[in-house]
Amino acid sequence: MLGLAKGLAYTLKNLSKKKVTYDYPNESIEMPDRFRGIQKFYPEKCIVCNQCVNICPTNCISLTGKKHPDPSKRGKIIETYDINFEICILCDLCTEVCPTEAIVMTNNFELAEYSRDNLFKDLEWLNENDENIREENTV
Ligand code: SF4
Ligand code: SF4
């Protein structure tokens, strides 16, 4: 009986305290400024320099480019850009090395899938991943 009363007293004492848990996933969790989340890709900014591919420690980026359709312009434009999130370790190196900020980090981290095949994200998917873009990228 004494134990029950002690338990109730403890519960009542803590009822008014600030919650330390989140009602996830109904309530989104605010991530810190330098959180390394799933990348956003801007195809129009990419100059197909391959620096992201070369620095990636897990070889999870693959890309192809093509000649610029405007003959008056030099260089290439991006054709395909894929990241394999089965092996991406979200290390941030690809975004740090990119000279045009064509690839940047977001604060998004939800990537659960029923099939591993769905963890290959292509240019369109990465382009549309445009929410919660990390502010740190733009300063
Ligand atoms: S975050 Fe790291 S592991 Fe992932 S694609 Fe970029 S360089 Fe590769
Ligand atoms: S480093 Fe940036 S500009 Fe170069 S290929 Fe990668 S995403 Fe494109």
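Residues take numbers from 1 onward in each chain, read along the sequence in its written order. As a convention, the first chain written is A and the first ligand written is 1, with the rest following in written order. Two thresholds apply to this predicted model, a pLDDT of at least 70 for residue-level local features and 80 or more for giving and counting side-chain atom pairs, whereas whole-chain, interface and lining totals are computed over all residues.

## A word on the site of ligand 2
Next up, step 1: Proximity of a residue to a molecule or strand is defined by its backbone-placed C-beta atom lying within 6 Å of that partner. Taken together, the residues surrounding ligand 2 are C46, I47, V48, C49, N50, Q51, C52, V97, C98, T100, A102 and I103.
Next up, step 2: In the shell around ligand 2, the residues fall into nine nonpolar, three polar and no charged. Classes in brief: Ala, Val, Leu, Ile, Met, Phe, Trp, Tyr, Cys and Pro nonpolar; Asp, Glu, Lys and Arg charged; the others, Gly included, polar.

## Overview of the site of ligand 1
Next up, step 1: Neighbouring ligand 1 are 14 residues, the closest being C56, C88, C91, L93 and C94.
Next up, step 2: Grouping the amino acids of the shell around ligand 1 by side-chain chemistry returns twelve nonpolar, one polar and one charged.

## Points about unusual backbone geometry
Next up, step 1: Geometrically, the link from Y24 to P25 is a cis peptide bond, its omega value of 10° lying close to zero.
Next up, step 2: Inspection of the secondary structure puts P25 in the loop between helix 1 (2–15) and strand 1 (40–41).
Next up, step 3: Here V48, not a glycine, exhibits a phi torsion of approximately 55°, which is positive.
Next up, step 4: Helix and strand assignments follow DSSP, with helices taken as H or I runs no shorter than four residues and strands as E runs no shorter than two, numbered in order from the N terminus. Positionally, V48 belongs in the loop between strand 1 and helix 2 (51–55).
Next up, step 5: C-beta crowding within 10 Å serves as the criterion here: with 18 such atoms nearby, V48 is assigned to the partly exposed category. Here the C-beta atoms are placed from the backbone, and a residue counts as buried if at least 20 other C-beta atoms lie within 10 Å of its own, exposed if 12 or fewer do, and partly exposed otherwise.

## Focus on the UniProt feature "binding site: [4Fe-4S] cluster 1" (unreviewed entry) in the protein
Next up, step 1: Here, UniProt's "binding site: [4Fe-4S] cluster 1" (unreviewed entry) annotation points to C46, C49, C52 and C98. Over a stretch of 53 residues, the named residues converge on one spot in the fold, their C-alpha atoms separated by at most 10.6 Å.
Next up, step 2: Note on placement: C49 falls in the loop between strand 1 and helix 2.
Next up, step 3: For C49, a count of 16 C-beta atoms within 10 Å corresponds to the partly exposed category.
Next up, step 4: Assignment of secondary structure puts C52 in helix 2. UniProt positions are given in the numbering used here, feature names are shortened, and annotations may be inferred rather than shown by experiment.

## Details of the nonpolar core
Next up, step 1: Judged by nonpolar contacts, the single largest core of 14 residues is most densely connected at F41, C52, I61, C94, C98, A102 and I103.
Next up, step 2: Secondary structure elements with two or more residues in this core: strand 3 (76–84) and strand 4 (103–104).
Next up, step 3: Distance between backbone-placed C-beta atoms decides contact: two residues are in contact if it is within 7 Å. With residues up to four places along the chain from it excluded, the contact list for C94 reads C52, I55, C56, I61 and I103. As used throughout, a nonpolar core is a set of buried Ala, Val, Leu, Ile, Met, Phe, Trp, Tyr and Cys residues joined through C-beta atoms within 7 Å of each other.

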